[in-house]
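Secondary and tertiary structure notes
Next come the chains, spelled out residue by residue.
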Amino acid sequence: MKENRILQGTLDAMTTRWQNYKILDAKDKRLWWSNFLIKNAIYIIIVLLVIYVQIYSIRSGYSNTFLSFRSIIDIVKRSGSSLFMALGVGGIIVLTGTDLSAGRIMGLTACISASLLQNTVEDYSSKMFPNLNAPPLILVILISMAIGALVGAFNGFCVAKFKLHPFIVTLATQLILYGAVLMYVQLGTNGGGPISGLTDSYKNVVKGTIIIGGTAIPYYVFYAAIAAFIMWFIWNKTTLGKNMYAVGANPEAANVSGVSVMKTTVLIFTIAGILYGFSGFIEAARVGSNGSSTGVNAELDAIAACVIGGVSFTGGMGRISGIVTGVILLQIISVALQWLGVPSETQYIIKGVIILVAVAIDMRKYLTKK
Amino acid sequence: MEEHLLQIKNISKTFPGVKALDHVSLTVRQGTIHSLMGENGAGKSTLMKCLFGIYAADSGEFILQGKKVNFTNARQAMENGVSMVHQELNQVHTRSVMENIWLGRFPIGPAGIDHRKMYKDTLAIFEDLGLSINPKAIISTLSVSQRQMVEIAKAVSHDSKIIVFDEPTSSLTDVEVEHLFRIIFSLRDRGCGIIYISHRMSEILQISDEVTVMRDGMHVATSPAAELTVDMIIARMVGREMDQVYPPKDNVPGEVVLKVEDLTALYQNIRNISFELRKGEILGIAGLVGAGRTEILENLFGLAKVKSGRIIKNGKVVKNKNSRYAKNNGFAMITEERRATGIFSVLNIRENTTIANMNKYKAKGLYISNRKMAKDTAWAIDALKIKTPDQNAKINNLSGGNQQKVILGRWLLTEPDILMLDEPTRGIDVGAKYEIYQLMINLAGQGKSIIMVSSELPELLGVCDRILVMSGGHLTGELDADKTNQEEIMALAAKYA
């Protein structure tokens, strides 16, 4: 019954759209198409890229083509690991903010997680705290998330209380955190070296796999899916989520309407921090070797993914589905460029151009057409 | 001498699905004030945007002093002697008056920009217009009225022959309006053609030579102002006879609901304000801009800090520390600046309607139910007759009147006892105004108490039961709306001005 109604609704909407299109004159039809092309430029570029790489991989006679199951799983895996941070920074962008400290929070919690969960059996000499017995995993997860939450709450508090721009606040905390990471990796017997040799239980909880269709999918992909669901719930089904959109769209009006701008801002930054902290825990085990440069610039990819996914810098707009799409698209681009053997220098340039295009398309929505 | 300064001939403009302008023609003669009237959406702004090249007209032509013109942007229009003083002034707030006037064409001397010449030229224009504004003052330190004068000076500096005024009086006090009219008259007398757009009937008849009325994108009629009455203009604008501008009042004030005692603000300039509000009463607050009218509402609603005084609601002292306390104590507030502090322009009708009331939509104490939100929004759309295609439409696409109704709906859903409205009909067309008045009277009839701040005295006299008058932060009078008149109110409003 319900499905039928929804289907009918969609059909009706499509019919009216088609009728609206039919009554346009030739000039307006051309305009409609050019608008359509510009609006979907990113997707069109990516579809073309995928087709090109697919043909290229068949021509080159690879046993696995670009669109093979294995390669798709590879993209899913990479997306899973970078989704946490994008989910966190997405909420801050909805509040018209940005977060430059995300990568450093991840780096700090990665180092802390790794140092607490180093193997005691083999390779005794490289252990950061030789006399430490690995605490329970859940405790380490909670510590990581608590550290993230603390920094996030601090960022949010400064933004809301002192009316500072998040760019400035997170620029400062980013520096502070960098100092903290550098100090932390000097602790114990580590002396600034990479922190590796993680316990099996730690590696297993992150990188252990479930076999689906003959391909191993690591646990962290499922954690990312769960995180996406929780964030979807928060954004769409809680007062906090609704207030977030309102504060992002117009903080003054939100205040008059009885929404606490302070509370909303602090909570959104805190949730973001929790996600960064958790992603640090995941990243440490996923990468295996951690140091002061872990997580550097990771926030830039996360912000780019949000923008590509339609989370607008003008505030009050964005969806979790968009962020997930943005993260996946960004990974498709990376993987495709690697398939083509594009050197990493060129990859940066291409990524930069794609982000510019995405933001330009986003801004077009708010410009009054003349 | 060219008698016909500007001729607008058969301009048509179509937006997808809407015929915004349908063969509109009008002629502005030299040395006259030509008023353009019509409800919101009648096509006045679209016509002006076509003139200034912001939109390209589909057909028709503009003839300036016998020459066909086709401007592609506002700057080009200005250079050719066609200027506009906007309702919302587009100025660089952080720079000086003279820099704003000469922006884009600074006089260049041997050592860069010639500030001395700029200063002298600006001063000359100001003296010519009888303005006493310091050319070096920063724009953001000026009042709205002064900033408007700067815009006019800019138009004069371009030697404009046609000057368009778009709702210039909507945020001016009566004294400032007088001053503005003197300047408009002096522009007229030196041979300019003025196009004057306003919703205020009385001033239209006071200053115009000719009045053109538009409706639904079409030219309805042009007549000399001397032959017109307010009722005739309204009839042309709405396309029907409008018996009354104000609906009949049938609310009966009951016992005292709210008592304000010696309210003094911490930062703002309002001192020792005391008054009472009755159940089912509409209480007006009159006064000049800056007299402290909005500040009273802000202090009652917790948007500003109270220094001393008591607010007693139903016999109990209430402290509205912020808007959340106020909301929980049964207060509601609709602010003056709809765009800045009212609507969430990128959000849809449903989100805009339900935002003040989120806690009510929790299903099973767990998640926000879209169904409950949709139901309440449907109620608001129905009860307030909000014209919208559906709940998912962006509020930005609605007319000002309908946006105002959405905000009213937002607050009615919180079931307030005391509804505070700050300039509720500003920038809203006649038909929608009537509906807002009717809603207010109905709400009062249902036992809600309403405080209404307004700069339009006829509106206060027509809708309110009692009127408080503010002047310079003091309460200078409390009048029975049936037994007072505009002169008495103005005298009280000017007491400390």
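It should be emphasised that the depicted structure is a prediction, and the values quoted were computed from it without experimental measurement.

Okay, the overall build of chain A next. Along the backbone of chain A there are 15 helices and two strands. Seen along its three principal axes, the alpha-carbon backbone of chain A occupies a region of about 80 × 65 × 45 Å. Among the 370 residues that make up chain A, the fraction classed as buried is 42%. Summarising the internal contacts of chain A: among those between residues at least 6 apart in sequence, 76% fall at separations of at least 24.

Turning to the domain arrangement of chain B, a few remarks are in order. All names here are of chain B. Segmentation of chain B into domains returns domain 1 (4-238) and domain 2 (256-493). Averaged C-alpha coordinates put domain 1 and domain 2 at centres separated by 32 Å. Take the side of domain 1 that touches domain 2: its biggest share by element is three residues, from helix α8 (residues 230-238). For the side of domain 1 that touches domain 2, the residue count by class is three nonpolar, six polar and two charged.

A few words now on the packing of helix α9 (residues 219-237) of chain A against helix α10 (residues 239-249) of chain A. Residue and element names in this part refer to chain A. For the pair α9 and α10, the least separation of the axes is 5 Å and the interaxial angle reads 65 degrees. On the basis of their axis angle, the class for α9 and α10 is roughly perpendicular. Of the residues in α10, those in contact with Ile 234, Trp 235, Asn 236 and Lys 237 of α9 are Leu 240, Gly 241 and Met 244. Along the lines of polarity and charge, the residues of the contact of α9 with α10 split into four nonpolar, two polar and one charged.

Another aspect to go through is the confidence of the model for chain B. Summing up the model confidence of chain B, the mean pLDDT is 89 and the portion of residues at 70 or higher is 97%. Scored by ipTM, the complex comes to 0.83, with pTM at 0.79.

The subject of this paragraph is the sheet that holds strand β12 (residues 218-224) of chain B. Residue and element names in this part refer to chain B. With mixed pairing, six strands are arranged side by side in an open sheet as β6-β9-β10-β3-β11-β12. In this open sheet, the two edge strands, each paired with only one partner strand, are β6 (82-85) and β12. Pairwise comparison of adjacent strand axes, ignoring direction, gives a mean angle of 20 degrees for this sheet. Looking at chain direction, strand β11 (residues 210-215) and β12 are connected through six bridges and run antiparallel. In the strand pairing of β12, Glu 210 is matched with Pro 224. Running over the sheet, α8 touches β3 (33-37), β11 and β12 and is turned about 30 degrees from β11.

Counting residues at the interface gives 25 residues for chain B and 22 residues for chain A. Those elements that place two or more of their residues in the side of chain B that touches chain A are α10 (323-328), α11 (338-341) and β20 (367-368) of chain B. No other element matches α10 of chain B, which puts three residues into the side of chain B that touches chain A. By residue class, the composition of the side of chain B that touches chain A is 15 nonpolar, six polar and four charged.

What follows covers the pairing of β11 of chain B. All names here are of chain B. Summarising burial for β11: five of the six residues are buried, a large majority. Of the strand pairs in this sheet, β3 and β11 are connected by four bridges, and their pairing is parallel. Within β11, the position partnered with Leu 36 by the bridge is Thr 212. In this structure, the hairpin formed by β11 and β12 is closed by a connection of two residues, where Asp 216 is found at a positive phi of approximately 50 degrees.

This brings us to the environment of Phe 66 of chain A. Within the element layout of this structure, Phe 66 of chain A appears in the loop between α3 (41-59) and α4 (69-94). Apart from the residues within four sequence positions on either side, Phe 66 of chain A is in contact with Val 50, Val 53, Gln 54, Ser 57, Ser 71, Ala 336 and Trp 339 of chain A.

The next subject is helix α6 (residues 137-162) of chain A. Between the first and last C-alpha of α6 of chain A there are 37 Å, a value that for 26 residues agrees with the 38 Å anticipated at 1.5 Å per step. Where α6 of chain A terminates, the next one or two residues include Lys 163 of chain A, which has phi positive at roughly 55 degrees.

Residues and elements named next belong to chain B. With phi around 50 degrees, Asn 272 is a residue other than glycine that occupies positive phi space. Among the secondary structure elements, Asn 272 is positioned in the loop between β13 (256-265) and β14 (273-278). Notably, Lys 385 is not glycine yet its phi reads approximately 55 degrees, a positive angle. Structurally, Lys 385 can be placed in the loop between α13 (370-383) and α14 (400-412).

Our next topic: the packing of α4 of chain A against α9 of chain A. Residue and element names in this part refer to chain A. At a minimum axis separation of 8 Å, α4 and α9 run at an interaxial angle of 35 degrees. Helix-helix and strand crossings are classified by hand; for α4 and α9 the assignment is left-handed. Within the contact between the two elements, α4 uses Val 76, Lys 77, Gly 80, Ser 81, Leu 83, Phe 84 and Leu 87 and α9 uses Tyr 220, Val 221, Ala 224, Ala 227, Ala 228 and Met 231. Along the lines of polarity and charge, the residues of the contact of α4 with α9 split into 10 nonpolar, two polar and one charged.

About the cut-offs
Residues numbered from 1 in each chain as written. Chains lettered and ligands numbered in written order. Predicted model: local features only at pLDDT ≥ 70, side-chain atom pairs only at ≥ 80, totals over all residues. Helix = DSSP H or I, 4+ residues; strand = E, 2+ residues; numbered from the N terminus. Buried ≥ 20, exposed ≤ 12 C-beta atoms within 10 Å, placed from the backbone. Contact = placed C-beta atoms within 7 Å. Domains from an automatic or database assignment. Nonpolar A, V, L, I, M, F, W, Y, C, P; charged D, E, K, R; others polar. Axes fitted to C-alpha atoms, helices over the stretch in contact; angles between N-to-C directions. Parallel < 35°, antiparallel > 145°, perpendicular 65-115°, else oblique. pLDDT = per-residue confidence, 0-100. Pairing = 2+ DSSP bridges. Expected span 1.5 Å × (residues − 1). Left-handed = near helix turned anticlockwise from the far one by under 90°.

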